[in-house]
Amino acid sequence: MSPDRELRVSKIRNGTVIDHITGGQSLNVLAILGIDGSEEFSVSIGMNVPSDRLGHKDILKVEGRELSQSEVDVLSLIAPEATINIVRDYEVVEKNRVERPTEVVGVLSCPNRNCISNDDEPVETRFAVMADGVRCDYCSEILRDRLAEHIDV
Amino acid sequence: MRQDHLITATQLSRPDIEAVLDRAREIDESREAFEQRYSGSVLALCFFEPSTRTKMSFETAAKRLGAETIDMGSVESSSVKKGESLADTVRVIEGYADALVLRHPSEGSAKMASEFVDVPVINAGDGAGQHPSQTLLDLHTIRERHGLDDLTIGIMGDLKYGRTVHSLASALTNFDANQHFISPESLQLPRSVRFDLHEAGAQVREHTEIETILPELDVLYVTRIQRERFPDENEYHEIAGEYRIDADTLSAAREDLTVMHPLPRVDEIAADVDETDHARYFEQAHNGVPVRMALLDMLLGGGSE
Ligand SMILES: [Zn+2]
């Protein structure tokens, strides 16, 4: 078994496996989760792994960490096809597809530099989630691509 | 109106618009009946960027209703310069006034302000965003002349940063209006406005020159192309010159074409147009008072009766 193959199939004991991440987005997913490698738990990343469904996909295995709903919400914006497998004692006990939320609060920054949410005001950014993007609740700016560049974590 | 605030024109339904315009017509016809209706009320004019006309128009409207107005003085001398947040400013002023009129350079400022106060907030221009009270007076002007259905309107100039254009285009989707947008490519409608028009199923066409569409128009709404949008002075002059009309240009127009402009104009409408029957921009500006009286009446009065 090659080391590469082993990485892809190695099992975790407790934690989360996020599969079917849009190819190349796994580092952004880690950023959303606030994981930068300084934590105690181990993280495995597979990038651009061949996938029947997506062509190429990323896969993340995070030992000892489960995801909150707000993390899953944001994840859905940059990896709409992702599946989230909760693993306990080496077994997948829950397998969920991400669901798009109706809004995301305090996570994305508005690309409109003249938006009040970018001023020094005591408000969180708020975006309505549309079929193919998100829209700022304050200035109505629409953000369709490169959402990950506007993740404000 | 169903709302407590007037933030964007997209929130306005056809019945909302008609209720305000009907009230404005009523006020026009019997001003005395409204004269002291709001004595004892205070309207705060929070202008974070200068706008003599809009401010005076609201001020006059309030005074004709018998209400007092307060304002912040010049932005330079106010606490804004000392770094106070807008959220704090409006929360303080809320304690003094029954409603706030807000003009601010940032998009979304009126929306944010409305989340911090319980009194009605009227957006009097938020950056390049929206200017819905202007739209109501624009619609009043159009309605008195042509009605609001079966209308072909051309909107020309700076469509990208023109907040009056964004509000007007949205509001017109409530009516049977063909909208033609005439601008240089660099100043076309922003994506968010296009999206709203598309969602509303509006009939919209875009042009880079006025000549092709002019003969079809009932209304031509002209806006100013701002010099500061162009890094190069020559480029500005070249472009601005192409979006300028004079009496000669209008010889190709329908006899009953109405020419409008939110004012101030610089030279996009030549002075010789003023003498023609097409010119309605001063009347349009005057309509600001009854329309804003109607708006204040409905917001201060707590909804339609
Ligand atoms: Zn925004």
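Residues numbered from 1 in each chain as written. Chains lettered and ligands numbered in written order. Predicted model: local features only at pLDDT ≥ 70, side-chain atom pairs only at ≥ 80, totals over all residues. Heavy atoms only, no water.

**As for the overall build of chain A**
Moving on, step 1. The helix and strand tally for chain A stands at 3 helices and 9 strands.
Moving on, step 2. In summary, chain A has a C-alpha radius of gyration of 17 Å against a globular reference of 15 Å for 153 residues, a match within 12%.
Moving on, step 3. Dimensions along the principal axes, computed over C-alpha positions, put chain A at roughly 55 × 30 × 25 Å.
Moving on, step 4. Going through the 153 residues of chain A one by one, you find that 47% of them count as buried.
Moving on, step 5. Taking the intrachain contacts of chain A between residues at least 6 apart in sequence as the baseline, contacts between residues at least 24 apart amount to 58%. (Helix = DSSP H or I, 4+ residues; strand = E, 2+ residues; numbered from the N terminus. Rg over C-alpha atoms; globule rule 2.2 N^0.38 Å. Buried < 20%, exposed > 50% of the residue type's maximum accessible area, 1.4 Å probe, protein only. Contact = heavy atoms within 4.5 Å.)

**Quick notes on the coordination of the zinc ion**
All names here are of chain A.
Moving on, step 1. Bound to the zinc ion on the protein side are Cys110 (SG), Cys115 (SG), Cys136 (SG) and Cys139 (SG), at distances that span 2.3 Å.
Moving on, step 2. Considering all 4 donor atoms around the zinc ion, angles at the metal cover 100 to 115 degrees and the coordination shape is tetrahedral.
Moving on, step 3. Sequence positions of the residues that donate to the zinc ion give the spacing C-x4-C-x20-C-x2-C. Here Cys136 lies in strand β8 (residues 133–136) and Cys110 lies in the loop between β6 (103–105) and β7 (126–130), a separation of 26 residues in the sequence.
Moving on, step 4. Relative accessible area serves as the criterion here: at 5%, Cys110 is assigned to the buried category.
Moving on, step 5. For Cys136, a relative accessible area of 2% puts it in the buried group. (Donors = N, O, S within 2.8 Å, 3.2 Å for Na, K, Ca; no water. Tetrahedral: all angles 85-135°; square planar, octahedral: opposite > 155°, others 65-115°.)

**Here we look at the pairing of strand β2 (residues 43–51) of chain A**
All names here are of chain A.
Moving on, step 1. As defined by bridge partners, β2 adjoins strand β3 (residues 55–63) across 7 bridges and the pair is classed as antiparallel. When the sheet's bridge partners are listed, Ser44 is paired in β3 with Lys61.
Moving on, step 2. Count of turn residues in the β2/β3 antiparallel hairpin: 3 residues. (Pairing = 2+ DSSP bridges.)

**Considerations on helix α7 (residues 191–199) of chain B**
Moving on, step 1. Listed as buried for α7(B) are Ser192(B), Val193(B), Phe195(B), Asp196(B) and Leu197(B).
Moving on, step 2. Immediately beyond the C-terminal end of α7(B), within one or two residues, lies Gly201(B), with a positive phi of roughly 70 degrees.

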